[in-house]
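Breakdown of the fold
Chain by chain, the residues:
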Amino acid sequence: RGSLQREACMASQAGKKSGKRKEAQARRETQAAAEEDGEALAERVAALAGDNQTDAVDACCGVADEGFRRGAHELAFAVIRASLHKHGLQNDKLCRRYFFLLDTVVKARMSAKKKPEGPPKMLYLREMLGRVPEVLSGQLALLGGVDGVKAGERCVLMKERGVMVIGLSLLEWRLLLEKQAGPKMEMQMISGVEEAVVRGLSQSEGMSDAQAEIKLSWNAWALKLCEAEEGTPQLRGKCLLQRTVLLLAQNSFQKAIDSSGEVMRIQPANKHAAALNATALHKIGRKKEAASAVTELIGAFQRSEDQHVQDELGAPLELVVSLLVEMHRTKEALRLLSQLLSRVSGPRHQPLFFGLARLYAKHGLNKDALVLKLPQLCTRPPDRRTWDLLKSMAEYTPAAVEQLLQSYIDEAGPGRFTHVPQITEVMCKLPFGAHGSAANKALKLLQRCASQVAPDRPEDLKIIVEDLRAFMSSNISPAVRERLPRAIESLLLSYCEALTAQHTADAWEMPGDLMKRAFNGQPPVVLLEQLQRSCLRLPLTSEKTLWVVFRHLSPDSGVALVRTWLLQNDAAADVDRMERCARHFHMAKGEHAAALDLLRWAESRGLQVPAESARKWRELYFTVLRATAEERATTMKRGGAFTSGGLDMATPAVHDGGSEEGAAAMELTTFPHYRSQLTRLEIPLRNITLTERGVLAEKMDVVAPHGGGEVDLEG
């Protein structure tokens with residue numbers, strides 16, 4: 001048996017030696033073939049010197065094609081690359097050949113089993129150009145200059161191939177950027193090695209912890225790229241630092257110690273690396289070394305300048321505090337955090353303060369120092385940074401935040417409700433308990449503020465209603481949400497009751513606008529009725545205020561309000577006022593018939609126009625009547641007015657006028673000889689009143705047959 005084992009071992013060793021000899025032989029044969037191909041291509045490149053521009057490009061493409069036929073794809077790419085640096089980007093044939101050969105060498109580097117989320121393969125042009133035989137390299141340098149045989153600093157990721165090409169020159173990068181070769185070569189342009197490394201590190205950070213193997217592969221890829229292209233020490237340190245974090249997460253403590261030690265040799269003052277090193281030492285059981293390292297880190301943090309503390313506040317300080325708590329050195333952790341907290345002196349240090357507060361809360365440390373420091377960071381009046389800080393601190397120091405909020409609430413009052421929305425937003429983040437108690441407390445504050453709202457300050461109404469609306473769309477308990485519409489309705493109702501003619505137009509406009517927004521265009525009937533009752537108290541001198549409210553009512557409600565207001569003030573006999581009403585009705589309903597209906601309503605009420613205004617009234621009546629007729633004539637089908645016995649001029653007033661209290665029924669007739677301005681044809685007008693027939697008979701006789709354009713109330 002022993003002899004058989006020895007024979008098997010000797011046979012295995014002989015097989016390995018034979019395999020190595022075969023590999024060496026294959027390499028020599030490949031190198032010899034490359035030398036032969038290089039010499040052949042070099043001779044052809046040397047013959048290109050005397051050709052003119054067009055012939056030279058064709059000849060260069062011919063040399064590259066010869067290399068491609070020989071199977072020397074890398075040499076063919078080197079030739080076409082040097083030609084590109086010689087002749088530029090103007091020749092399409094040269095550019096297309098470059099794309100083709102680049103894709104060819106990239107496909108040779110593709111990995112058949114590449115994972116979809118794994119890092120790409122790398123193609124270093126520096127290494128590829130280094131394999132070009134010297135005889136050919138020299139000729140290419142003469143052809144395309146130094147840039148033709150030297151790798152650049154740009155990169156491109158061939159997404160479909162899963163390969164990143166590293167070392168492109170600026171000229172090649174421009175070609176790929178400006179003349180990309182269609183969807184088959186989907187590319188991502190990268191300006192340099194540093195950007196490529198940073199992208200690799202970001203890709204690793206963006207993955208979940210469950211994909212630890214892929215995270216490590218991306219980190220290894222970025223580190224290899226950084227080392228191959230001689231990245232800066234800071235960049236290499238960043239790669240090693242991320243590798244250390246990943247190794248710690250996988251409980252590879254010894255490897256993490258080695259990796260963090262490598263970072264510390266590159267960057268001795270790197271606290272993150274020192275903290276990771278101490279953590280790994282503690283986890284592996286080297287307690288004394290870990291304790292010593294933590295003590296040194298505490299001293300380093302205490303010696304740090306203010307501008308450096310902010311950068312080191314995240315992972316390094318968190319690791320140190322976690323280690324101190326784990327080592328039962330809580331007092332030292334408190335001293336360190338208190339010493340750093342003493343550097344917080346104003347609003348500009350709010351990020352530092354919040355980071356320290358998070359550490360206090362995470363490790364259950366005494367927060368008295370935070371409570372004392374918080375008021376110093378809040379401004380009066382509070383600005384955006386103050387509210388952001390209070391929202392962030394509501395979870396960690398709720399009592400201190402509530403105390404500050406109370407001081408801001410005490411300052412709020414009529415005309416000083418600007419900060420109420422921010423106060424309620426912070427209140428909802430306070431841990432008052434379950435079942436929506438925080439939102440309930442905020443709602444009570446808003447109701448207290450609403451009781452102080454008055455028409456003298458319409459902006460107060462807007463602030464409170466908008467804040468209540470914001471509550472309705474937030475994540476609060478159903479019990480609180482059900483109370484919000486009632487609160488808005490109650491506030492608007494009391495506001496409308498308090499409106500008088502002495503208040504400004506803004507004060508009158510505000511409730512109508514807020515009603516539409518708060519109730520999605522369908523406010524409660526009780527609100528509309530109260531607003532209309534308030535409008536009816538307006539005297540004739542406040543007509544402009546009436547139209548301000550009219551804009552925010554539905555057309556039918558607005559028309560009914562104005563009619564009632566005209567009757568109440570006995571103002572329908574004022575022709576100028578009726579003309580303004582007709583114009584507003586036309587704009588509200590979008591048709592001239594609304595204005596005609598107003599005039600008919602006035603006629604059904606027995607309007608008595610003064611003798612001096614009679615002519616003006618008849619002119620207004622004729623203008624509205626003609627505008628309505630022309631409007632209806634344009635919507636009538638061809639021949640419709642004749643087949644139906646005339647153009648129907650009916651409006652609601654002719655049907656409902658007699659049913660209203662105080663309105664007389666109207667006798668209707670037909671005017672057979674109305675000449676349309678649009679068609680110049682005579683059309684019968686039916687369902688018109690006797691007054692209108694008289695107006696038409698009077699006016700149609702004096703209107704020229706070829707008169708002006710269409711009459712428009714808006715003019």
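Rules of the game
- Residues numbered from 1 in each chain as written.
- Predicted model: local features only at pLDDT ≥ 70, side-chain atom pairs only at ≥ 80, totals over all residues.
- Heavy atoms only, no water.
- Pairing = 2+ DSSP bridges.
- Helix = DSSP H or I, 4+ residues; strand = E, 2+ residues; numbered from the N terminus.
- Axes fitted to C-alpha atoms, helices over the stretch in contact; angles between N-to-C directions.
- 1 Å grid on protein atoms, 1.4 Å probe; cavity = no way out; pocket = protein on both sides within 12 Å on 5 of 7 lines; lining within 4 Å.
- Points joined across faces, edges and corners; volume = space filled by probe spheres on them.
- Nonpolar A, V, L, I, M, F, W, Y, C, P; charged D, E, K, R; others polar.
- Contact = heavy atoms within 4.5 Å.
- Salt bridge = Lys/Arg side-chain N within 4 Å of Asp/Glu carboxyl O.
- Buried < 20%, exposed > 50% of the residue type's maximum accessible area, 1.4 Å probe, protein only.
- Expected span 1.5 Å × (residues − 1).
- Parallel < 35°, antiparallel > 145°, perpendicular 65-115°, else oblique.
- Left-handed = near helix turned anticlockwise from the far one by under 90°.
- Core = buried A, V, L, I, M, F, W, Y, C linked by side-chain atoms within 4.5 Å.

A few words now on the sheet that holds strand 4 (residues 187–190). Strand order across the open sheet formed by four strands is 1-3-2-4, with mixed pairing between neighbours. Strand pairing shows two members of the sheet lacking a second neighbour, strand 1 (121–124) and strand 4, which therefore form its edges. Averaged over all pairs of adjacent strands, the angle between strand axes in this sheet comes to 20°, irrespective of strand direction. Sheet topology places strand 2 (residues 154–158) next to strand 3 (residues 163–168); five bridges connect them, and they run antiparallel. Residue M158 lies in a different strand from strand 3, and its bridge partner there is V163.

On to the layout of surface pockets, then. Taken as a whole, the largest pocket encloses approximately 430 Å³ of empty space. As for the largest pocket, its lining consists of 20 residues, and the residues nearest its centre are A151, G152, E153, R154 and E229. Those elements that provide at least two residues to the lining of the largest pocket are helix 3 (73–87), strand 3 and helix 8 (193–205). Grouping the constituent residues of the lining of the largest pocket by class yields five nonpolar, six polar and nine charged.

Strand pairing in a sheet is mediated by backbone hydrogen bonds. Such pairs are either parallel or antiparallel. Pairing is mixed across the open sheet formed by three strands, whose spatial order is 5-7-6. Of all the strands in the sheet, just strand 5 (647–648) and strand 6 (668–675) have a single pairing partner and so form its edges. Across six bridges, strand 6 lies against strand 7 (residues 682–689) in antiparallel orientation. From the neighbouring strand, T669 faces strand 7, where its bridge partner is I688. The strands touched by helix 34 (residues 690–700) within the sheet are strand 6 and strand 7, with strand 6 carrying the most contacts at an inclination of about 20°.

Scanning the entire structure with this criterion turns up 37 salt bridges. Across the pair R469 and E466 runs a salt bridge, and its minimum N-O distance is 3.0 Å. Taken together, the positions of R469 and E466, both in helix 23 (residues 458–472) and three residues apart, correspond to about one turn of that helix. Given the relative accessible area of 23%, E466 is considered partly exposed. Among the ionic pairs, R517 bridges to E466, the shortest N-O distance being 3.1 Å. With R517 in helix 25 (residues 505–518) and E466 in helix 23, this pair connects stretches of sequence that are 51 residues apart. For R517, a relative accessible area of 32% translates into the label partly exposed. One connected set of salt bridges, linked through shared partners, spans R44, E66, R69 and R70.

Our next topic: helix 10 (residues 233–249). When the terminal C-alpha atoms of helix 10 are compared, their 24 Å separation across 17 residues agrees well with the 24 Å that a helix rising 1.5 Å per residue should span. Looking only at helix 10, the buried set comprises L235, G237, C239, L240, L241, Q242, T244, L246, L247 and L248. Buried residues belonging to helix 10 abut helix 8, helix 9 (212–228), helix 11 (253–266) and helix 12 (271–284). Two residues or fewer past helix 10, N251 is found with a positive phi of approximately 65°.

We now examine the packing of helix 24 (residues 478–497) against helix 26 (residues 525–535). Packing of helix 24 against helix 26 brings their axes to within 9 Å, and their N-to-C directions diverge by 10°. Taken as axis vectors, helix 24 and helix 26 run roughly parallel relative to one another. Here the hand of the crossing between helix 24 and helix 26 comes out left-handed. Note on element contacts: helix 26 touches helix 24 through V526, L527, Q530, L531 and S534, opposite E489, L492, L493, C496 and E497. Classifying every residue of the contact of helix 24 with helix 26 by side-chain character gives six nonpolar, two polar and two charged.

Among the five residues in strand 2, four count as buried, and that is most of the element. Bridge analysis of strand 2 against strand 4 gives four bridges, and the strand direction is antiparallel. The residue bridging V156 from the neighbouring strand is M189, located in strand 4.

This next bit is on the nonpolar core. Ranked by size, the top nonpolar core spans 161 residues in total, and within it L374, L390 and I464 carry the most contacts. Looking at this core, the element that brings in the most residues is helix 24, giving eight residues. Contact partners of I464, with chain neighbours within four places excluded, come to F417, V420, L446, C449, A450, V453 and L491. Listed in part, the 46 residues of the second largest apolar core include C61, F77, W173 and L176.

Time to look at the environment of C60. Mapped onto the fold, C60 is located in helix 2 (residues 53–69). Taking the relative accessible area as the measure of exposure, C60 reaches 1% and is therefore buried. Once the C-alpha coordinates of C60 and L84 are considered, the two residues, 24 residues apart in sequence, prove to be 9.4 Å apart. Once residues lying within four places of it in the same chain are set aside, the contact partners of C60 are L48, V79, I80, S83, H87 and L143.

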